[in-house]
2 protein chains.
Amino acid sequence: MLSQEMINLGQVRSVIREMFEYGNKRAAEIGRENVFDFSLGNPSVPAPSIVDETIMKLINEEDSVKLHGYTSAPGDMNIRNIVANWLNDTYDTTFTGNNIYFTTGAAAALTITFKAIAEKNDEIIVFAPFFPEYKVFIETSGAKMKIVKCRESDFQIDFDALKAAMNENVKAVVINSPCNPSGVVFSRETIEKLSEILRESEEKFGHPIFLISDEPYRELVYDDIEVPFVPKFYDNTIVCYSFSKSLSLPGERIGYILISDKSFNPSLIFDAVAGAGRALGYVCASSLFQRVIPHCLGMTADIDIYKKNRDILCDALKEYGFDLVSPDGAFYLFVKALEKDANRFCENAKKYELLLVPSDSFGYEGYVRISYCVSTEQILNSLPAFKALADGYRNGEF
Amino acid sequence: MLSQEMINLGQVRSVIREMFEYGNKRAAEIGRENVFDFSLGNPSVPAPSIVDETIMKLINEEDSVKLHGYTSAPGDMNIRNIVANWLNDTYDTTFTGNNIYFTTGAAAALTITFKAIAEKNDEIIVFAPFFPEYKVFIETSGAKMKIVKCRESDFQIDFDALKAAMNENVKAVVINSPCNPSGVVFSRETIEKLSEILRESEEKFGHPIFLISDEPYRELVYDDIEVPFVPKFYDNTIVCYSFSKSLSLPGERIGYILISDKSFNPSLIFDAVAGAGRALGYVCASSLFQRVIPHCLGMTADIDIYKKNRDILCDALKEYGFDLVSPDGAFYLFVKALEKDANRFCENAKKYELLLVPSDSFGYEGYVRISYCVSTEQILNSLPAFKALADGYRNGEF
């Protein structure tokens, strides 16, 4: 009587969500301050003050019918032009508002993009470890998700594995840099080599292959790490951007799809995106938040707090003997479990009230994800627990 | 290289949108005040002041991380409970927050609901005239849309036609009362009879049949017309509600799905809805606007303006000899064209700068939709044009 597939999606909670619920239960039992919950990727620093100031200003100055009214489905053209111009100034590109389609966050940008491009028998490649919802979004579009594992040495792309995965059915490749869950930023060298392989494959198989760049963490990088701007390297790029993490607005659902003006047919791709947005029920992104965006381009919440958390945690974990994957961006640490089975390792961590997410759900075994978008106090208070966990393994307690 | 289906949806503009674009072009040529554009169903009165006041208050008083942060996917449980309690107080029902799933407007509520219930070979019945996007939303879910025409005498349901359309594959029936485009409110008698037929069909075919009630215009009724609350009449009801029109917030995309607590398995239906929301990329409805809702339940924008517009227009059109369908709700008049071909009639209306939408795109021939959510000034200024159009037909000019 109902779609069994949808029931399954609604009932099977993600491991992340389960860990979070366990944390709430445990907090009720022993007090929130005694549970070290590192499960959720929910921004912990407030939106920059310009966001709320702009909302107030808009309410005071704009006509209500316009402020809260429909925009055209891809967004207000004036605002789309402002975003395009800002990108052009920042990245030396040549976009116009016609390349921008505002979305209800990055998840919508992804579901719309997949739906716009997917045809029968299509395969879409993702690099493990990957954001688990990719599987749901890709399969909903009718395409098949194909996993290529990153090389373990540095969690950059394993190019031999990628080449082996390419075939005529591959319609797109998704990257997510800075990466959830690894925190890794793909280097310029990686993006260049990836672009080269994709161009060769386009040539070989005789059709365009999209590079879909999922970029909610673009601005969340530390220590002057470069995040290469993908459309500069590869023409058939579609960027799925979100302001959720950069502006700490995840609940407001505002982002955009950027279709590179260098892609094989930007206006046709745009039409397909508009059609997919329509088919999925996205009438327009929030009119109010669209109007906030021009005032906040290039700004971020105070990410120094994330950097501070990362530095404290990285230094301590290394000292306790943990192996960390290069923690350059986003607000995640990807840490090698102290035994092969990450699920078992996470169960043992729970004994110290440490809530970590095993890496299996990200398509990669033997690691845990630690979300450090928490209070610095929690980080500091959790350190003895991490030390005790490492000591426990060293002493053969498990 | 792209989904042809999505390209088509993106490229083929709706007749409504085309008429609107024509209006903009014409306004540039002869001045906005000389074009009588009745094409769009876009609220023309501001949101009630409580909306913006509440936004300001929330910004001043709430923690930013919470205010703009993720809620759970179905919405904040506290707010869902408030909505359920308000419904219970208003309609004498027994809902809880577990029956409510907040959505990004009614379009999302519909796409999510269809996706949640649709299985292979399913048919979903709509009553013509109907909101044209139903076809897109239903077909995207994989189901087939089946049209049952309303009887022309009063645009209530033609029950013989409905009975003839029922078969074992019918999974759901969609109603939209007050109706876009007819403005008709289904009477209590209609809802009772519809419920009776659906219950008989459930019995006959041995499975539940959903009554999906699309209610963005619930509060937009005039002259003490009763809008029967559908879950009181039929157990397997799913209400798709939006605050877009009642609160004049169409650009902010906030609404909800209400799964009747009397339906055959509310929690399983809820799971399927949650799964469908996830699959389509809806992470949560705007956190800010969710929090606005408890302060505005039961309130509306100043709909006296719509009533005034309707009364002026109805009286005048009748005087000029037009046949009108009972104009009880929403902000649409459904008027019989003065010739059989509504498209040709609309072309002739354009000669008087009257932009009306032919009814064919709503699945019904020979009528036009007039959206009277415009300024009263436009209504008054347009009257001579309507008169001249009627005179033109009377004098055999076309």
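Residues numbered from 1 in each chain as written. Chains lettered and ligands numbered in written order. Predicted model: local features only at pLDDT ≥ 70, side-chain atom pairs only at ≥ 80, totals over all residues.

## Structural notes on the overall build of chain A
Looking only at helices and strands, chain A has 14 helices and 12 strands in total. Along the first, second and third principal axes, the C-alpha atoms of chain A reach 60 × 55 × 55 Å. Taking all 398 residues of chain A together, 54% fall into the buried category. Counted over contacts in chain A with a minimum sequence separation of 6, partners at least 24 positions apart contribute 74%. (Helix = DSSP H or I, 4+ residues; strand = E, 2+ residues; numbered from the N terminus. Buried ≥ 20, exposed ≤ 12 C-beta atoms within 10 Å, placed from the backbone. Contact = placed C-beta atoms within 7 Å.)

## Some thoughts on the interface of chain B and chain A
Counting from both sides, the interface comprises 63 residues of chain B and, opposite them, 63 residues of chain A. Contributions of two or more residues to the side of chain B that touches chain A are made by helix 1 (4-11), helix 3 (49-61), helix 4 (64-67), helix 6 (105-117), helix 7 (133-140), helix 10 (266-279) and helix 11 (287-292) of chain B. It is helix 10 of chain B that provides the largest number of residues to the side of chain B that touches chain A, a total of 10 residues. In terms of residue class, the side of chain B that touches chain A is built from 35 nonpolar, 21 polar and seven charged. (Nonpolar A, V, L, I, M, F, W, Y, C, P; charged D, E, K, R; others polar.)

## Re the environment of Q11 of chain B
Residues and elements named next belong to chain B. With respect to the helices, strands and loops of the structure, Q11 is situated in helix 1. The class for Q11 is partly exposed, based on 14 C-beta atoms found within 10 Å. With 249 residues separating them along the chain, Q11 and S260 place their C-alpha atoms 38 Å apart.

## Some points on the nonpolar core
V273 of chain A together with V273 of chain B are the most contacted members of the largest nonpolar core, which has 269 residues in total. Residues contacting V273 of chain B, with those up to four places away along its chain left out, are G10 of chain A together with Y101, I112, T113, A116, I257 and I259 of chain B. (Core = buried A, V, L, I, M, F, W, Y, C linked by C-beta atoms within 7 Å.)

## What about the domain arrangement of chain A?
Residues and elements named next belong to chain A. Domain boundaries assigned for chain A yield domain 1 (4-48 + 301-394) and domain 2 (49-295). The distance between the C-alpha centroids of domain 1 and domain 2 comes to 27 Å. Among the secondary structure elements, those contributing two or more residues to the side of domain 1 that touches domain 2 are helix 12 (304-319) and strand 9 (332-336). Grouping the amino acids of the side of domain 1 that touches domain 2 by side-chain chemistry returns 18 nonpolar, eight polar and four charged. (Domains from an automatic or database assignment.)

## Some remarks on unusual backbone geometry
Note: most peptide bonds trans; most residues except glycine with negative phi. A cis amide bond links A128 of chain A to the next residue, P129 of chain A, at an omega of 0 degrees. Secondary-structure assignment places P129 of chain A in the loop between strand 3 (123-128) and helix 7 (133-140). Here S177 of chain B and P178 of chain B are connected by a cis peptide whose omega angle stands at 0 degrees. Unusually for a residue other than glycine, N121 of chain A sits at a positive phi of about 70 degrees. Locating N121 of chain A in the fold gives a position in the loop between helix 6 (105-117) and strand 3. The phi dihedral of R253 of chain B is positive, around 55 degrees, even though this residue is not glycine. With respect to the secondary-structure elements, R253 of chain B resides in the loop between strand 7 (237-242) and strand 8 (255-259). Take R253 of chain B: there are 28 C-beta atoms within 10 Å of it, and that puts it in the buried class.

## Digging into the relation of the copies chain B and chain A
Placing chain B over chain A gives an RMSD of 0.0 Å and needs a rotation angle of 180 degrees, together with 0.0 Å of translation along the axis. Such a combination of rotation and displacement between the chain copies is what one expects of a two-fold axis. When you check the interface residues of chain B against chain A, 100% turn up at the interface there too, and the contact is symmetric in its surfaces. (Least-squares fit on C-alpha atoms with pLDDT ≥ 70 in both.)

## Some thoughts on the sheet that holds strand 9 of chain A
Residue and element names in this part refer to chain A. Spatial strand order, 9-12-11: three strands in an open sheet with antiparallel pairing. Looking at which strands have only one partner, the edges of the open sheet turn out to be strand 9 and strand 11 (357-358). Looking at chain direction, strand 9 and strand 12 (residues 367-371) are connected through five bridges and run antiparallel. Across the sheet, Y332 pairs through a bridge with S371, a residue of strand 12. (Pairing = 2+ DSSP bridges.)

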